[in-house]
Amino acid sequence: MAEDTSVKAAPEVEQAPVATPRRGKKGKRIVQAGEVHIQATFNNTIVSVSDKKGGVLTASSAGANGFRGSKKGTAYAAQIAAEKVAEIAKRGHGMKSVDVFVKGIGLGRDSAIRAFSAQGISINSITDKTPIAHGGCRPKGERKP
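In this text the structure is predicted, and so the values were computed from the model without any measurement. (Residues numbered from 1 in each chain as written. Predicted model: local features only at pLDDT ≥ 70, side-chain atom pairs only at ≥ 80, totals over all residues. Heavy atoms only, no water.)

Chemist: When you look at the packing of helix H1 (residues 75-93) against helix H2 (residues 108-118) in this model, what are you seeing that I'm missing?
Modeler: A packed helix pair is summarised by two numbers, namely the angle formed by the two axes and the spacing between the axes. Contact geometry for H1 and H2: axes closest at 8 Å, N-to-C directions at 30°. If you check the angle between H1 and H2, you find them roughly parallel. Relative to H2, H1 is oriented so that their crossing is right-handed. Residues Ala-75, Ala-78, Gln-79, Ala-82, Glu-83, Val-85 and Ala-86 of H1 touch H2, and the partners they reach there are Gly-108, Ser-111, Ala-112, Ala-115 and Phe-116. Class assignment of the residues belonging to the contact of H1 with H2 gives a composition of 8 nonpolar, 3 polar and 1 charged. (Axes fitted to C-alpha atoms, helices over the stretch in contact; angles between N-to-C directions. Helix = DSSP H or I, 4+ residues; strand = E, 2+ residues; numbered from the N terminus. Parallel < 35°, antiparallel > 145°, perpendicular 65-115°, else oblique. Left-handed = near helix turned anticlockwise from the far one by under 90°. Contact = heavy atoms within 4.5 Å. Nonpolar A, V, L, I, M, F, W, Y, C, P; charged D, E, K, R; others polar.)

Here it is, written out as structure tokens:
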């Protein structure tokens with residue numbers, strides 16, 4: 001009787017991929033007071049609402065509301081974008097008062113602010129954060145005599 005001295009290979013066991021637990025959507029936060037950031041350029045207007053710490057609650061732009069091309073830079077497009085954001089902030093998050101920060105020189109500056117006050121959200125302050133150049137680095141090229 002010949003004994004079988006060969007070593008039998010262990011059966012291969014397939015490793016199942018470890019699934020990371022998915023996180024569900026966070027619930028709607030109720031924020032009484034917040035900040036509105038309006039960036040108004042010549043080509044588009046972007047409106048975002050955040051809490052006091054800077055966490056964005058909702059945002060919209062003229063382009064996201066169906067305006068295309070040169071129509072995105074109009075005051076009407078900025079008004080529509082601001083109305084949409086104000087509605088979501090008021091109904092979804094309970095926003096009652098805001099501080100407004102405006103950046104840029106586009107046509108949508110004033111109409112976006114008016115849209116927020118028309119929705120019944122009180123405006124505490126309006127701050128212009130438009131960057132203004134003052135001096136800066138020396139330009140390239142030789143010095144002029």
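Chemist: Which parts of the structure should I look at to understand the pairing of strand S4 (residues 97-103)?
Modeler: Two faces belong to every sheet, and in a regular strand the side chains alternate between them. Extensive coverage of S4 is indicated by the burial of 6 of its 7 residues. As judged from the 7 bridges shared by strand S1 (residues 33-40) and S4, these two strands associate in the parallel manner. Looking at S4, one finds that Val-36 is bridged to Val-100. When S4 meets strand S5 (residues 122-128), the two strands line up parallel, connected through 6 bridges. If you follow Asp-99 over to S5, its bridge partner there is Ser-125. (Buried < 20%, exposed > 50% of the residue type's maximum accessible area, 1.4 Å probe, protein only. Pairing = 2+ DSSP bridges.)

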